[in-house]
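Breakdown of the fold
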Amino acid sequence: MTTGTPRFRLGFLTHVQGHGDDMARTYRNAQELFVAADELGFDVGWVAQHHVSLGGGGLSSPWTFLAHAAARTTRIRLGTAITVLPLEDPVRLAEDVAAVDTLSGGRVEIGVGSGSSEVEYAAFGRDIARKRELTSENLEVLRRALANEEVRTPGFRIQPAAGDFTDRIWQGVFSGHGARYAAAGGSNLLLNRAAYGFDAPTDEVQRPWADAFLGAWDQPRRPRVGLSRFVFPAKDKDTALRQIGDDVHRAALRFAANGAFPKGLDRAEALRRFHSFYGPPEEIVTALRQEKVLPVATDLITQFNPAVPDHDAAIRALELIATEVAPALGWKPAARPVATGG
């Protein structure tokens, strides 16, 4: 991400959560994040798919949500990080993706992964022991469908016809092997905000995965690496901690109960385990400049999860990311198309 490299893209990711059980309000607020990000010049807005409710919500139908976001925005790209691919019919998924892409004027990105919830797999009648196999099988069908090839029976192609998705399919991975597999299939790489089950800092764990992906890449186009990071700027560290600290600590304790983190974490260690960047923008910029994966990333995807900050604080954080944090790292908003008179 230096002056001599191509412009990197700035994104944000929401898991569509809120406080309380007013899901209509939670969904409206999440839509407002897309509107605000569109106006601030963010390049991509991402949503995560969860069939089992998270604390304060979660989004089971991302393409319905993104269709609505498409109608409320003008330029921001719209993506999933991730769609849980083994739980989808890949042909139906391709139809939804193509429909939202058509409605949005070609602004869709799709990230896929295998998920990890035994409850979700059971609810959809899938065997979680086959999640990697199912992901591979469904991704092959999804690619063919989005390439407007015949799928499953002679004469059948999805409609509306899909645009060119050659460089718009992403895979979330959690290992060097997974990264090399994504490269071999021509998928872009998605790296999670935190590496679970490791004591080393997340960027030290993930940098070899990114290097494995880049080393295995043999496509004629530029490889793309999407780096998701917890970034929450505020006027000072205390203000940031009031908004995010307790949520992150509770989430870390839940992860510890499932064996992903050690037990007995305090709040500071919880924030470290989630590889969190928080506080004044200038301190975040200094910390991000030390991030080991960022130099090879083509997309920086900021998120607040597992924290659920108040809506006004979330909007303010997006503003600070777009106006102070990202520009200090070399990002510039894409030029808006020039309107022509009739």
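An account of the accompanying structure is given in this report. Just so it is clear, the structure is predicted and the values come from calculations on it, not from any experiment. (Residues numbered from 1 in each chain as written. Predicted model: local features only at pLDDT ≥ 70, side-chain atom pairs only at ≥ 80, totals over all residues. Heavy atoms only, no water.)

**Let's talk about the side chain of Thr302**
When you line up the elements, Thr302 lands in strand β9 (residues 299-303). If we ignore the near neighbours within four places in the chain, the residues touching Thr302 are Leu10, Gly11, Phe12, Leu13, Phe42, Arg229, Val231 and Ile321. (Helix = DSSP H or I, 4+ residues; strand = E, 2+ residues; numbered from the N terminus. Contact = heavy atoms within 4.5 Å.)

**Concerning the environment of Leu265**
As for its placement among the helices and strands, Leu265 is situated in the loop between α8 (237-257) and α9 (267-273). Taking the C-alpha atoms as reference points, Leu265 and Asp310, separated by 45 residues in sequence, lie 24 Å from one another.

**What about unusual backbone geometry?**
A cis amide bond, omega 10°, links Ala81 with the succeeding residue Ile82. Note on placement: Ile82 falls in strand β3 (residues 77-84). In this structure, Pro306 follows Asn305 across a cis peptide bond, with omega equal to 15°. Within the element layout of this structure, Pro306 appears in the loop between β9 and α11 (311-328). Positive phi outside glycine occurs at Arg152, with the angle close to 70°. Of note, Arg152 is situated in the loop between α5 (131-146) and β5 (169-172). Residue class for Arg152 comes out exposed when judged on its relative accessible area of 56%. One non-glycine residue with positive phi stands out, namely His275, at about 50°. (Buried < 20%, exposed > 50% of the residue type's maximum accessible area, 1.4 Å probe, protein only.)

**Thoughts on the pairing of strand β4 (residues 108-113)**
With six of six residues buried, β4 lies mostly within the body of the structure. Residues of β4 alternate between two faces, with Val108, Ile110 and Val112 on one and Glu109, Gly111 and Gly113 on the opposite face, all of them buried. Note that β3 and β4 share five bridges and pair parallel. Across the sheet, Thr83 pairs through a bridge with Val112, a residue of β4. In this fold, the crossover linking β3 to β4 by way of helix α3 (residues 90-104) has right-handed handedness. Direction of pairing for β4 relative to β5: parallel, over a ladder of three bridges. (Pairing = 2+ DSSP bridges. Right-handed = clockwise from strand over helix to strand, strands pointing away.)

**Observations concerning the packing of aromatic side chains**
Per the counting criterion, the structure on display carries 13 aromatic pairs. Between Phe12 and Phe34 the ring centres are 5.0 Å apart and the planes differ by 65°, which places this aromatic pair in the edge-to-face class. Residue Phe12 is located in strand β1 (residues 9-14), and its partner Phe34 is located in helix α1 (residues 23-40); the two are separated by 22 residues in the primary sequence. In this pair, the class of Phe12 matches that of Phe34, namely buried. Between Phe255 and Phe274 the ring centres are 5.3 Å apart and the planes differ by 80°, which places this aromatic pair in the edge-to-face class. With Phe255 in helix α8 and Phe274 in the loop between α9 and β8 (276-279), this pair connects stretches of sequence that are 19 residues apart. What makes Phe255 partly exposed here is its relative accessible area of 21%. Ring pairing ties together the aromatic residues Phe12, Tyr27, Phe34, Phe42 and Phe65, which thus form one cluster. The ring of Phe165 carries Arg168 above its face, with NZ or CZ at 3.8 Å from the centroid. (Phe/Tyr/Trp six-rings, centres within 6.5 Å; stacked < 30°, edge-to-face > 60°. Lys NZ or Arg CZ within 6 Å of the ring centre and 35° of its normal.)

**Topic: the pattern of salt bridges**
Applying the stated criterion across every chain, the model contains 24 salt bridges. For Glu149, the salt bridge is made with Arg144, and the minimal N-O distance between the two is 3.6 Å. With a relative accessible area of 37%, Glu149 lands in the partly exposed category. Ionic pairing is found between Glu150 and Arg157, a salt bridge with its closest N-O pair at 3.7 Å. On the basis of relative accessible area, Glu150 is assigned to the partly exposed category, the value being 35%. (Salt bridge = Lys/Arg side-chain N within 4 Å of Asp/Glu carboxyl O.)

**Some details on the packing of helix α10 (residues 281-288) against α11**
Relative orientation and spacing of two packed helices are given, respectively, by the angle between their axes and the distance between those axes. Two numbers describe how α10 lies on α11: the axes approach to 9 Å, and their chain directions differ by 40°. The pairing of α10 with α11 is recorded here as oblique in orientation. Helix-helix and strand crossings are classified by hand; for α10 and α11 the assignment is right-handed. Two secondary-structure elements touch here, α10 through Pro281, Ile284, Val285 and Leu288 and α11 through Leu320, Glu324, Val325 and Ala328. Within the contact of α10 with α11, the residues separate by chemical class into seven nonpolar, no polar and one charged. (Axes fitted to C-alpha atoms, helices over the stretch in contact; angles between N-to-C directions. Parallel < 35°, antiparallel > 145°, perpendicular 65-115°, else oblique. Left-handed = near helix turned anticlockwise from the far one by under 90°. Nonpolar A, V, L, I, M, F, W, Y, C, P; charged D, E, K, R; others polar.)

**Considering the packing of α1 against helix α2 (residues 62-72)**
At a minimum axis distance of 10 Å, the contact between α1 and α2 shows a crossing angle of 45°. Here α2 runs oblique to α1, going by the angle between their axes. Once α1 is placed against α2, the crossing between them reads as right-handed. Residues Tyr27, Ala30, Gln31, Glu32, Phe34 and Val35 of α1 touch α2, and the partners they reach there are Phe65, Leu66, His68, Ala69 and Arg72. For the contact of α1 with α2, the class distribution of residues is seven nonpolar, two polar and two charged.

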